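Given next are the chains, with one letter for each unit.
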Amino acid sequence: MESTTTFGVCPHDCYDTCGLRVTVDDGRVTRIAGDPSHPITQGFLCFKVNHYLDRLYHPERLLYPLRRVGPKGAGQFVRSSWDEALADIGPRLQAIRTRFGGEAILPYSFAGNMGLLASDSLDRRFFAALGASRLDRTICTASAGATARWMFGQSLGPDPETLPDVRLILLWGANPAATSVHAIPLLDEARRRGAWIVTVDPLATATARRFDQHVAPAPNSDVALALGLGHQLIQTGRLDNAFIAERTEGFAAYRQAALEWPLARTAAATGLAPETIAALADRLASTRPLLIRAGYGVQRQARSAEATWAIAALAVITGALADVGGGFLHGNGDAFPLAPLAVRGTASPPPRSINMIQLGDALTTLTDPPVAALIVYNSNPAATAPDQAAVLRGLQREDLFTVVHEQMPTDTTRYADWVLPAAMSLEVLDLHTSYWHRYIQLNRPAVPPPGEAVSNPELFRRLARATGLSDPALFASDEALLDELLANSADHPWLQGITRSRLMESPAQKIRLPQASRPFIDTPVRTPSGRIRLNPPPLADPPASDPDAERPFHLLTPSRRETIKSSFGNVARVRPHEPPTLLMAAVDMRSLGVQGGDSVRVHNAQGATVLTVRESAAVPAGTVVSYAVRWLDEAGGSNINQLTSQRLSDYGGGATFYTTRVSITSLG
Ligand SMILES: Nc1nc2c(c(=O)[nH]1)N[C@H]1C(S)=C(S)[C@@H](COP(=O)(O)OP(=O)(O)OC[C@H]3O[C@@H](n4cnc5c(=O)[nH]c(N)nc54)[C@H](O)[C@@H]3O)O[C@H]1N2
Ligand SMILES: Nc1nc2c(c(=O)[nH]1)N[C@H]1C(S)=C(S)[C@@H](COP(=O)(O)OP(=O)(O)OC[C@H]3O[C@@H](n4cnc5c(=O)[nH]c(N)nc54)[C@H](O)[C@@H]3O)O[C@H]1N2
Ligand code: SF4
Ligand SMILES: [Mo]
């Protein structure tokens, strides 16, 4: 028996971007393990990817092109061939372009596979060549990213490997025990060395229970809490005035905003005891190094950017940025200075942009031109996009031509005209960066794709040929794309010597930014003035009216430990076996007259779904929780995104999933 081991990378949308060791025996993957030599992965994987063979060799894997035969959305398909599929798709896209213009074609993708070739390569070239509508990929971190760029010019924070040196860590709207498990050993080590770790989360999550202190503000009261802490620091004269004077601008605007939040008002808005707020301010003023890690939970609300700004400002006014390991971390994406691949568009002026959060409106209300073709890859919007009723209404349109490239039958493939089979990351070449750690990693194929499945770049080569496009850049090989990516930025000091051959020898290369380098102290602040901006970004006013404002419960739908959004929804050993659940405080269950196991109808102006109630001590009164994201076919054709809205955040065009008010009706 022939046995080989290759290095791979976990492709999922996760902070940890693990290095994998993949064992292949006689052409079949037999073991997938964490790379023991990878300093972040440390030889272990999370619960879900420990069962990855079940996903790789899943009996439902899509192996051949499928052509729709039944009515739209009925999920009836017959096996077809690539020749037949491309002979239909190519001319149809051309006809749509001739009739309405390229903008009638809309790509929809996110981070199903985070590889740079899978998520951001020939797809962009193909759609630009067609003059297709552009997609603003905002669904995850757009608000925090835009706010970080406003304040610092970049999304950059300390190297996570410096975490053990930090003495006060705030995990604000982050749940790494579920969403970034490789942070836990680093946090544990910091604690062994004397750190105090505070979780700021309305829910008593596994993270909150594990560490030293849980501060539980009311959902969406982060602006009040962060500015209230700032108020305390100002009033008690514990700012780093020298740091503020030398390195920032806009402090007067910050100060004015913070002074509106005296202790009593902050306590009332957050539901926290005044002593808790004052004591936390004391800690912030007196402990070094201080790191504030803002998770993505704080920036899925209507006031996402304002909250991110107010939280990050605490790390600035205390001077915490000046210590190794200290400062503010929302993301580390800009630690990888890879210039994107060159894209040539045909359209002038550039085509319209469509915010992916507003897919429902794009499919149902746009007329000039309408969206006539939708090409989905790396994403499952029927389950994960907000305002699901509008999304499904759009997908249901008989005059919408929908092509979905997928690994599994999903809620979205059900609405396709063509389902095309996608390779998995263990079957393709790719390059990965991380939004948290500092390793750039090569993913090598361990086995070929099964059946007729193809990688994302290969899909777009085939689509380009079928639509009659001829620019050679649309047909670049995977190796050429990889070399182009690395060569584009080869001069950058952080990427010195990181070449394809180096990565072939040693597949996880740390970028050449010294671990002890302090972001925005030892690296430039890339704002127009070169100073950190303490004045808030230009925040949008709230909408004049919110039809759900008076509903009794605040619904939160954060990440579930067992799945990544809707991915893994069909992996039996991983997915939850209970029906889609609503977690409630005992006091709310009593007042509604419901018991554990009862069905309730959860509804608001957007839509409705039915969930099974379970009592939870982790949930405060007035808040209800349903972890994201279950498949629609588990719950009679709907999930919690029936209740979320297309409303955009205050800056950066981000999602507002966690600003959702609902009513609940007992069904017994
Ligand atoms: N196991 C697993 N891992 C994942 C994912 C997954 O689905 N499952 N998803 C991946 C993806 S796509 C992402 S973006 C990341 C996200 O991972 P995280 O950054 O951890 O973000 P979330 O899970 O969205 O929310 C984190 C916490 O924010 C809290 N929260 C909600 N509303 C508020 C609020 O108003 N204020 C405050 N202070 N806290 C609030 C929630 O209760 C939750 O515990 O995780 C990635 N990793
Ligand atoms: N209510 C609520 N909704 C949410 C969130 C929330 O917190 N609450 N979180 C939001 C966030 S943070 C995010 S990031 C989004 C994520 O939402 P999506 O982008 O829809 O992510 P997934 O549900 O993981 O689906 C990814 C799909 O890509 C497919 N895929 C994986 N690799 C490949 C590949 O190489 N090629 C192709 N063609 N397909 C591939 C997988 O099989 C899977 O079906 O969900 C958002 N939706
Ligand atoms: S999902 Fe995250 S923690 Fe799990 S293996 Fe992938 S990168 Fe690692
Ligand atoms: Mo995300």
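Calculation criteria
- Residues numbered from 1 in each chain as written.
- Chains lettered and ligands numbered in written order.
- Predicted model: local features only at pLDDT ≥ 70, side-chain atom pairs only at ≥ 80, totals over all residues.
- Heavy atoms only, no water.
- Near = heavy atom within 4 Å.
- Nonpolar A, V, L, I, M, F, W, Y, C, P; charged D, E, K, R; others polar.
- Buried < 20%, exposed > 50% of the residue type's maximum accessible area, 1.4 Å probe, protein only.
- Helix = DSSP H or I, 4+ residues; strand = E, 2+ residues; numbered from the N terminus.
- Pairing = 2+ DSSP bridges.
- Polar contact = N/O pair within 3.5 Å; in protein donor to acceptor, adjacent residues only side chain to side chain.
- Areas by Shrake-Rupley, 256 points an atom, 1.4 Å probe, with all protein chains shown as cover.
- Axes fitted to C-alpha atoms, helices over the stretch in contact; angles between N-to-C directions.
- Contact = heavy atoms within 4.5 Å.
- 1 Å grid on protein atoms, 1.4 Å probe; cavity = no way out; pocket = protein on both sides within 12 Å on 5 of 7 lines; lining within 4 Å.
- Points joined across faces, edges and corners; volume = space filled by probe spheres on them.
- pLDDT = per-residue confidence, 0-100.
- Phe/Tyr/Trp six-rings, centres within 6.5 Å; stacked < 30°, edge-to-face > 60°.
- Lys NZ or Arg CZ within 6 Å of the ring centre and 35° of its normal.

Around ligand 3, the neighbouring residues are Cys10, Cys14, Asp16, Thr17, Cys18, Leu45, Cys46, Lys48, Val49 and His182. Of the residues contributing to the shell around ligand 3, the split by class is six nonpolar, two polar and two charged.

In terms of burial, strand 8 (residues 168-172) is a largely internal element, five of the five residues being buried. Side-chain alternation along strand 8 places Leu168, Leu170 and Trp172 on one buried face and Ile169 and Leu171 on a second face that is also buried. The pairing of strand 8 with strand 9 (residues 196-200) spans five bridges and is parallel. Across the sheet, leucine 170 pairs through a bridge with valine 198, a residue of strand 9. Where strand 8 lies against strand 12 (residues 290-294), five bridges are found, and the strand directions are parallel. Paired with leucine 170 across the bridge in strand 12 is isoleucine 292.

Moving on, we get to unusual backbone geometry. Here the residue pair arginine 288 and proline 289 is connected by a cis peptide bond, since its omega of -15° sits within 30 degrees of zero. By secondary structure assignment, the location of proline 289 is in the loop between helix 13 (274-286) and strand 12. Of note, the bond from serine 348 into proline 349 is cis; its omega dihedral lies within 30 degrees of zero at -5°. Looking at the element boundaries, proline 349 is found in the loop between strand 13 (327-329) and strand 14 (353-355).

It is worth spelling out helix 18 (residues 456-466) at this point. All of the buried residues in helix 18 are Asn456, Pro457, Leu459, Phe460, Arg461, Leu463 and Ala464. Once helix 18 finishes, glycine 468 follows within two positions and takes phi at roughly 80°, a positive value.

Moving on to the site of ligand 2. In the region of ligand 2, 30 residues are neighbours, and Thr384, Glu406, Asn456, Ser566 and Ser567 sit closest. Side-chain polar atom of serine 379 to an oxygen atom of ligand 2: 3.0 Å apart, as the coordinates give it. Contacts to ligand 2 include serine 567, whose side-chain N or O atom sits 2.7 Å from an oxygen atom. In isolation ligand 2 exposes 920 Å². Once the protein is present, 97% of that is buried.

Another point: the sheet that holds strand 10 (residues 213-215). With parallel pairing, the five strands of this open sheet are ordered in space as 10-9-8-12-13. Unpaired on one side and paired on the other, strand 10 and strand 13 mark the two borders of the sheet. The sheet shows a mean angle of 20° between the axes of neighbouring strands, taken without regard to direction. Across the sheet, helix 14 (residues 304-317) is in contact with strand 8, strand 12 and strand 13; its angle to strand 13 comes to roughly 145°.

The next thing to look at is the sheet that holds strand 4 (residues 66-68). Spatially, the six strands line up as an open sheet ordered 5-4-17-16-15-6, and their pairing is mixed. The outermost strands of the open sheet, each flanked by one partner alone, are strand 5 (77-79) and strand 6 (105-109). Between one strand axis and the next, the sheet turns by 20° as a mean value, whatever way the strands run. Pairing of strand 4 with strand 17 (residues 418-421), which is carried by two bridges, proceeds in the antiparallel orientation.

This paragraph deals with the layout of surface pockets. Taken as a whole, the largest pocket holds about 1,300 Å³ of empty space. Lining the largest pocket are 35 residues, and of these Met114, Leu116, Asp120, Thr141 and Gly333 lie nearest its centre. For the lining of the largest pocket, the element with the most residues is helix 5 (residues 142-152), which contributes four residues. For the lining of the largest pocket, the residue count by class is 16 nonpolar, 13 polar and six charged. In this model, the second largest pocket occupies a volume close to 420 Å³. Lining the second largest pocket are 23 residues, and of these Arg561, Glu562, Leu583, Arg614 and Tyr627 lie nearest its centre. Taken together, the residues of the lining of the second largest pocket sort by class into nine nonpolar, six polar and eight charged.

As a further point, take the confidence of the model for the protein. Chain-level pLDDT for the protein is 97 on average; 100% of the residues reach the 70-or-more range. At the low end of the mean pLDDT range in the protein sits helix 20 (residues 500-505), at 94; at the high end sits strand 15 (residues 373-377), at 99.

This part is about the packing of aromatic side chains. Think of a pair of aromatic rings as described by two things: how far the centres are apart, and how the planes are tilted against each other in angle. All chains considered together, the criterion is met by 14 aromatic pairs. Both rings, one in tryptophan 150 and one in tyrosine 651, keep their centres 6.4 Å apart while their planes meet at 80°; by these two values the pair is edge-to-face. In this pair, tryptophan 150 is assigned in helix 5 and tyrosine 651 in the loop between strand 26 (623-625) and strand 27 (660-666), connecting sequence segments 501 residues apart. Three or more aromatic residues joined by ring pairs make a cluster, and in this case those are Phe126, Phe127, Tyr377 and Phe460. Positioned above the aromatic ring of tryptophan 196 is the side chain of arginine 283, whose terminal nitrogen or guanidinium carbon lies 3.8 Å from the ring centre. A cation over an aromatic ring shows up here: arginine 462 above the ring of tryptophan 82, its NZ or CZ 4.7 Å from the ring centre.

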